[in-house]
Amino acid sequence: MSMTADYLELSDVRVEFDGFRAVDGVSLTVLQGDLRFLIGPNGAGKTTLVDAITGLARAAGSIRFGRTELLGRKAHRIARLGVGRTFQTASVFEDLSVLQNLDIAAGAERGPVTMLRARGRTPERIDETLETVGLTAHRDLKAGTLSHGQKQWLEIGMLLVRDARVLLLDEPVAGMSGEERTRTGELLRRVGADRTVVVVEHDMDFMRSFADSVTVLHAGSVLSEGSVAEVQSDPRVQEVYLGTAPTDAANDSDEAVA
Amino acid sequence: MTPIVRRHGATLAGFAAVAVALFAVAPSVLSTFRLSLLGQFVCFAMVAVGIGLAWGRGGMLTLGQGVYFGLGAYVMAMHMKLDDAGPGGVPDFMQLYGNGEVPLWWEPFRSPVITLVAVAAIPAAVAFVLGWAIFRRGVRGAYFAILSQALAAAFAILLIGQQATTGGTNGLNGFRSFFGYDLFDPVNKRMLFFIASGALLLMLLAAWQLYRSRYGELLVAVRDQEQRVRFLGYDPALVKTVAYVIAAVMAGIGGALFVPIAGIVSPDDVGVVPSIGFLIGVAIGGRATLFGPALGALIVAWAETSLSESFPSMWTYFQGVLFVVVVAFLPRGFASVSALWRRRPTPATEPAPQRQEATV
Ligand SMILES: Nc1ncnc2c1ncn2[C@@H]1O[C@H](COP(=O)(O)OP(=O)(O)O)[C@@H](O)[C@H]1O
Ligand SMILES: [Mg+2]
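Every chain is numbered on its own, with residues counted from 1 as its sequence reads. For naming, the first written chain is A and the first written ligand is 1, with later ones following in the order written. Totals for whole chains, interfaces and linings use every residue, but because this is a predicted model, local features are given only for residues with pLDDT of at least 70 and side-chain atom pairs only at 80 or more, for both listing and counting. The side-chain figures draw on all heavy atoms in the structure; neither hydrogens nor water molecules are used.

### A few points about the site of ligand 1
Residue and element names in this part refer to chain A.
Here is step 1 of the chain: One heavy atom suffices: a residue is near a molecule or strand as soon as one of its heavy atoms comes within 4 Å of it. Every residue lining ligand 1 is accounted for by Phe-17, Phe-20, Ala-22, Pro-41, Asn-42, Gly-43, Ala-44, Gly-45, Lys-46, Thr-47 and Thr-48.
Here is step 2 of the chain: Definition of a polar contact: a pair of N or O atoms within 3.5 Å, with one able to donate and the other able to accept a hydrogen when the atoms are protein atoms, and with sequence-neighbouring residues admitted only if both atoms are side-chain atoms. Between ligand 1 and Gly-43 there is a distance of 2.8 Å, counted from an oxygen atom to a backbone nitrogen or oxygen.
Here is step 3 of the chain: At 2.5 Å from an oxygen atom of ligand 1 is found a side-chain nitrogen or oxygen belonging to Thr-48.
Here is step 4 of the chain: In isolation ligand 1 offers 560 Å² of accessible surface; the protein chains occlude 59% of this area.
Here is step 5 of the chain: What counts as a helix is a DSSP run of H or I of at least four residues, what counts as a strand is a run of E of at least two, and both are numbered from the N terminus. Secondary structure elements with two or more residues in the shell around ligand 1: β2 (20–31) and α1 (46–53).
Here is step 6 of the chain: With 3 residues, the single largest contributor to the shell around ligand 1 is α1.
Here is step 7 of the chain: Across the shell around ligand 1, the residue classes break down as 5 nonpolar, 5 polar and 1 charged. Exposure was quantified through the Shrake-Rupley algorithm and a 1.4 Å probe, taking into account, for residues, occlusion by the shown protein chains and nothing else. Residue type decides the class: Asp, Glu, Lys and Arg count as charged, Ala, Val, Leu, Ile, Met, Phe, Trp, Tyr, Cys and Pro as nonpolar, and the leftover types, Gly among them, as polar.

### Re helix α13 (residues 272–285) of chain B
Residue and element names in this part refer to chain B.
Here is step 1 of the chain: Given a helix with a known number of residues, its expected span is that number minus one, times 1.5 Å. Given a rise of 1.5 Å per residue, 14 residues ought to cover 20 Å, and the 20 Å separating the end C-alpha atoms of α13 matches this to within 8%.
Here is step 2 of the chain: Note on exposure labels: buried denotes an accessible area under 20% of the residue type's maximum, exposed denotes more than 50%, and partly exposed covers the range between, all computed with a 1.4 Å probe on protein chains only. In terms of burial, α13 is largely enclosed, as 10 of its 14 residues are buried.
Here is step 3 of the chain: Within α13, the full set of buried residues consists of Pro-274, Ser-275, Phe-278, Leu-279, Ile-280, Gly-281, Val-282, Ala-283, Ile-284 and Gly-285.
Here is step 4 of the chain: Where α13 terminates, the next one or two residues include Gly-286, which has phi positive at roughly 110 degrees.

### Looking at the interface of chain A and chain B
Here is step 1 of the chain: Counting from both sides, the interface comprises 50 residues of chain A and, opposite them, 34 residues of chain B.
Here is step 2 of the chain: The term buried area denotes the loss of accessible surface (1.4 Å probe radius) that occurs when two parts are joined, taken as the sum for both partners. Of the roughly 3,600 Å² buried between chain A and chain B, counting both surfaces, carbon and sulfur atoms make up 58%.
Here is step 3 of the chain: Any carboxyl oxygen of Asp or Glu within 4 Å of a side-chain nitrogen of Lys or Arg constitutes a salt bridge here. Connecting chain A to chain B are 4 salt bridges.
Here is step 4 of the chain: A salt bridge links Asp95(A) to Arg223(B); the shortest N-O distance between them is 3.2 Å.
Here is step 5 of the chain: The tally of links from chain A across to chain B stands at 18 residue pairs in polar contact (both at pLDDT 80 or more).
Here is step 6 of the chain: Secondary-structure elements contributing two or more residues to the side of chain A that touches chain B are α2 (75–80), α3 (98–106), α4 (112–115) and α6 (148–160) of chain A. Only heavy atoms matter for contacts: two residues are in contact if any of them lie within 4.5 Å across the pair.

### Considering the sheet that holds strand β8 (residues 196–200) of chain A
Residue and element names in this part refer to chain A.
Here is step 1 of the chain: Two strands qualify as a pair provided DSSP detects at least 2 bridges between them. In spatial order, the strands read β6-β7-β8-β3-β9-β10; together these 6 strands make up an open sheet with mixed pairing. One side of each edge strand has no neighbouring strand; the edge strands of this open sheet are β6 (83–85) and β10 (221–226). Put simply, the sheet's adjacent strands are angled 20 degrees from each other on average, direction ignored.
Here is step 2 of the chain: Pairing between strand β9 (residues 213–218) and β10: 5 bridges, direction antiparallel. Bridge pairing in β10 places Thr-215 opposite Glu-225.
Here is step 3 of the chain: Together, β3 (36–39), β6, β7 (166–170), β8 and β9 form the strand contacts of α1, whose direction differs from that of β6 by roughly 145 degrees. With axes taken as lines fitted to C-alpha atoms, and helix axes fitted only over the stretch in contact, angles between N-to-C directions fall between 0 and 180 degrees.

### Focus: the side chain of Ser224(A)
Residue and element names in this part refer to chain A.
Here is step 1 of the chain: Its location among the elements puts Ser-224 in strand β10.
Here is step 2 of the chain: Judged by relative accessible area, Ser-224 falls into the buried class, the value being 7%.
Here is step 3 of the chain: Within the local environment of Ser-224, its side chain forms a polar contact with the side chain of Asp-234, the two groups lying 2.9 Å apart.
Here is step 4 of the chain: Non-local contacts of Ser-224, meaning those with residues more than four positions away in its chain, are made with Val-214, Thr-215, Val-216, Val-231, Asp-234 and Val-237.

### Looking at the confidence of the model for chain A
Residue and element names in this part refer to chain A.
Here is step 1 of the chain: Confidence scores per residue from the predictor, reported as pLDDT, run from 0 to 100. Taken as a whole, chain A shows an average pLDDT of 90; of its residues, 91% reach a score of 70 or greater.
Here is step 2 of the chain: Mean pLDDT values for the elements of chain A range from 84 in helix α10 (residues 235–242) up to 97 in α1.
Here is step 3 of the chain: Overall, residues 245–258 carries pLDDT values under 50, and its contacts beyond four positions in sequence, including any with other chains, amount to 24 contacts.

### Quick notes on empty space enclosed by the protein
Any empty space left between atoms is shown by rolling a water-sized probe over those atoms.
Residues and elements named next belong to chain A.
Here is step 1 of the chain: Here a cavity denotes grid points, spaced 1 Å and computed from the protein atoms alone, that fit a 1.4 Å probe unable to get out, and a pocket denotes an open set having protein on both sides within 12 Å along at least 5 of 7 lines; residues with an atom within 4 Å of a point are the lining. Grid points are joined across faces, edges and corners, and a volume is the space filled by probe spheres set on the points. Taken as a whole, this structure holds 3 cavities of 30 Å³ or more when the rule is applied.
Here is step 2 of the chain: Roughly 60 Å³ of internal volume is contained in the second largest cavity.
Here is step 3 of the chain: Residue lining of the second largest cavity: Leu-8, Leu-10, Leu-28, Val-30, Leu-38, Leu-49, Val-50, Ile-53, Leu-168 and Val-198, and that is the complete set.
Here is step 4 of the chain: Among the elements that make up the lining of the second largest cavity, the one with the highest residue count is α1 (3 residues).

### A word on the packing of aromatic side chains
Here is step 1 of the chain: Between 30 and 60 degrees the pair is tilted, below 30 it is stacked and above 60 it is edge-to-face, where a pair is any two Phe, Tyr or Trp rings, Trp via its six-membered ring, whose centres lie within 6.5 Å. The full count for this structure, using the stated rule, is 22 aromatic pairs over all chains.
Here is step 2 of the chain: Ring centres 5.7 Å apart and planes at 5 degrees place the aromatic pair Phe23(B) and Phe194(B) in the stacked group. Of this pair, Phe23(B) sits in helix α2 (residues 9–29) while Phe194(B) sits in helix α9 (residues 186–212), placing them 171 residues apart in sequence.
Here is step 3 of the chain: The exposure class assigned to Phe23(B) is partly exposed, which follows from its relative accessible area of 34%.
Here is step 4 of the chain: The interplanar angle of 35 degrees and the centroid separation of 5.2 Å between the aromatic rings of Phe135(B) and Phe144(B) together place this pair among those described as tilted.
Here is step 5 of the chain: Geometrically, a lysine NZ or arginine CZ counts as sitting over a ring once it is within 6 Å of the ring centre and also within 35 degrees of the ring normal. The ring centre of Phe87(A) lies 4.2 Å from the NZ or CZ of Arg85(A), which sits over that ring.
Here is step 6 of the chain: Arg85(A) extends its terminal NZ or CZ atom over the ring of Phe231(B), reaching a point 5.2 Å from the ring centre.

Rendered as structure tokens:
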């Protein structure tokens, strides 16, 4: 691993679907240790942007992780470079146990001989990850039996266990209870300290509590960027979210947003 | 008890039961004719083990395994024809339908070694090229099923069209010996049954190891969430191709052993109908289980023979009804019936909370 900090740099990224520009010239830079939130109304292009970074959507422009250009690489190659993502709907392997889920996530570099043998002792990295995401007690349960929140933690664990350097999390706290949100936020703060993390989120309370910086996406373009306070006081952001620039912007609760 | 016995007691007992049934019970209760018949079914069961891997674990609806069964079978049949004709000799049917000369591409199969290698290598190579091309393009589900079935149809048509070199509709038959052993000798017939049974056991052991291995877990993961696996740094196309190739090799070996036991291979054994037949046995036995596919194939083949002996025209309907019943009511096959009995209470877990849409 390099001694210098990692960073993710997008410049003029565009994604088109049959002539419709879902992402229209997005440029942004995310530094290691800076917990970045990506917000914006439904259809703003947040998920599509994550798709572009991870090789799922064909994009133009440039997306670099450090010095490495990601655009044009296959999805599994980008993943191997250390870029990990989660999905809006939790997508763990429901038929496999928590342990098996993590073991698969940890093993993309295994050789054929290791692959053709059964797992012996649990690798240490997996035990540590189970501890980090709080699923040690559930390691032998089928992932399909976990609660929604636990599935999201397992997904995050699946990125940690292979030491992904970039984490792109698509609405990780949607559907979580208040307590689960807090635990997730704390988890993200802990693991985000030495990683480059982008959290796509709708929930303003959650964003206010945990974001270091915020990028607001609207109709495929960056509308505003800065600290939580800066973004919240930006009249253009208020306009997009509420139709007008309200006087009591600070009072808007999470259900009013997005 | 050693740990392996403690942890895998039921599976090991299953292997013991299969071994006793095939090596002790069947030879002592069945006539030579019936034993030969069972030997043919054992060869179908090998195809089924492969389908269990590719379809049951890997989610690839392999509707064209007759192709690989046929490749193995025809390779073996060509060797046996050449062997019967003697060194430099010309197989009988070629003198009848062809120009009395052995085509160049037949020549390598005079060699027993090349034949034995080719029985596995040719299905493997074809499956690799096709599988890689298909899975890399993300062809899945029904599209893959239709494609593989079209392949079986094309293969059968190709064979029928080449009467002078493949025997056409008649296929290849009238073999007298198998690597020097007289095929009319009952002792040798019995030996062939044991070879086939041994091969089936080995394939079941291989499947067991695969299912227990990390690769087996990864294959299930690819079946259920292909996209997710990709974003963990794996190439799902490669994972699937491996299973597809292994299934093809199993089918090829099954085909190769089928020929000396049945004494014939024809396009009827490799086309669309037998390909679907293989699949039905697997569906009925339980596609994702270890022993289910092989048992299902044996039972279906046995039922087909007995039923069509007494009611020749009924079998097709019966097979169709059975398939529909299994697919509709027992998607995991009859093997899931025993699982229902044994079902232990799962550890209590909270139900997943409803996804809150409050933030939209
Ligand atoms: N595969 C696709 N084909 C066509 N249009 C798409 C596709 N994926 C997303 N879109 C469109 O792109 C826009 C952005 O979608 P998305 O990135 O999912 O928004 P967000 O995640 O911000 O809610 C939407 O208008 C959506 O309808
Ligand atoms: Mg989205």
